[in-house]
Amino acid sequence: MGDGEPRVPTAIAVTSADMALPPQDERTLPAAVLQDADRRPLEQVLAELQTLVDQHGHVIVVCSQAVPAGVERRLHTVRALLETDRIALFRPPLPPLGIAVLARQLRQLASCDLGPGVLASAGRLLTHYLHAGALLGSVARLDRVPVDLKAHARSWVPGSQFGVVAHPVPQLVKIGPEAALAGPEFGTSLLVAKGQLAPDWVTGTLAPSWRVQGLREAALPAESADWWGTARLTEFCAYLPDLSVLYQLVTSVRRSACHWCGIDVIGDRCVFCSATPPDHDDGAGDGRGGARDRALGHRRDPALGRRRERRALTG
């Protein structure tokens, strides 16, 4: 923290109470919960967000792509009515449990000396270090991950189970003696949320194969069944739990001022005003990871998973 008046931390908001995970450490700030934003009177939600802006200066709303369309419309309406660039709506392509984990990581970082633009941009960076998936009893209605016809046919066999990773790289295997999913190459903790399917394979097979350094349980988000296409599931997410590692990742990225609103950001887009640099020519839109990593100004070190590098990150 710098000199002068204490900085008021940026508010991290979620769209339901089950997306506000318990604190990871003593520095994790509480989440602002915008419960039933599409069902409550517009004036009430408007006043709630206005209060958050007044108290915190900036608000980052992290929400799943599985939220009801009415929630997203309401949030955009409120942001437009307030005529402010101090509210960022962030909807990364993660399953609901991954969204909850990412929101908690931002709540951890909100206690540090990071400006709101850098913190909001950090959400895009940290998604690359989340491995989110589920154990499913059926993939018949799964449309978030490619499913071939053979897997669809097997889905109708009683007792079939499937291991699925939706992010960062889609994977799908039928559970059996040789079933395995590629995991992170660096040390992580694993969060497990049990639905209507026993988590035995996740806790007994997946966790050891991913060499996770900690295993915790959480309540299954209400949006998970819709996202995965079935209630017969156990959702999981591997993540970096250590605040010092998260902070090191974020502060190692080059910062720049948004040419439109002037706020400091990392990467190629301001999450608050959605402006991109006028000279942005890194190949955005071609869908290739190389362009994405160049835009982030971040060089992913394949040795991040090595014990020596992890010690360096944690100091």
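Below, the structure is looked at part by part.

Here is what the cut-offs are and how they apply
Residues numbered from 1 in each chain as written. Predicted model: local features only at pLDDT ≥ 70, side-chain atom pairs only at ≥ 80, totals over all residues. Heavy atoms only, no water. Helix = DSSP H or I, 4+ residues; strand = E, 2+ residues; numbered from the N terminus. Buried < 20%, exposed > 50% of the residue type's maximum accessible area, 1.4 Å probe, protein only. Contact = heavy atoms within 4.5 Å. Axes fitted to C-alpha atoms, helices over the stretch in contact; angles between N-to-C directions. Parallel < 35°, antiparallel > 145°, perpendicular 65-115°, else oblique. Nonpolar A, V, L, I, M, F, W, Y, C, P; charged D, E, K, R; others polar. Pairing = 2+ DSSP bridges.

**Comments concerning the side chain of Thr230**
- By secondary structure assignment, the location of Thr230 is in the loop between helix 7 (224-228) and strand 10 (233-239).
- Judged by relative accessible area, Thr230 falls into the buried class, the value being 11%.
- Setting aside anything within four residues of it in sequence, one finds Thr230 in contact with Leu136, Ser138 and Ala225.

**Comments concerning the packing of helix 4 (residues 116-126) against helix 8 (residues 243-251)**
- Packing of helix 4 against helix 8 brings their axes to within 10 Å, and their N-to-C directions diverge by 100 degrees. When the axis of helix 4 is compared with that of helix 8, the two are roughly perpendicular. Residues Val118, Ala122, Leu125 and Leu126 of helix 4 touch helix 8, and the partners they reach there are Leu246, Leu249 and Val250.
- Residues belonging to the contact of helix 4 with helix 8 are distributed by class as follows: seven nonpolar, no polar and no charged.

**Some details on the sheet that holds strand 3 (residues 59-62)**
- Strand order across the open sheet formed by four strands is 2-1-3-4, with parallel pairing between neighbours. The two strands at the open ends of the sheet, each matched to only one other strand, are strand 2 (32-33) and strand 4 (87-90).
- The sheet contact formed by strand 1 (residues 11-14) and strand 3 spans three bridges and is parallel. Bridged to Ile12 within strand 3 is Ile60.
- This element, helix 3 (residues 96-109), spans strand 1, strand 3 and strand 4 of the sheet and lies at about 165 degrees to strand 1.

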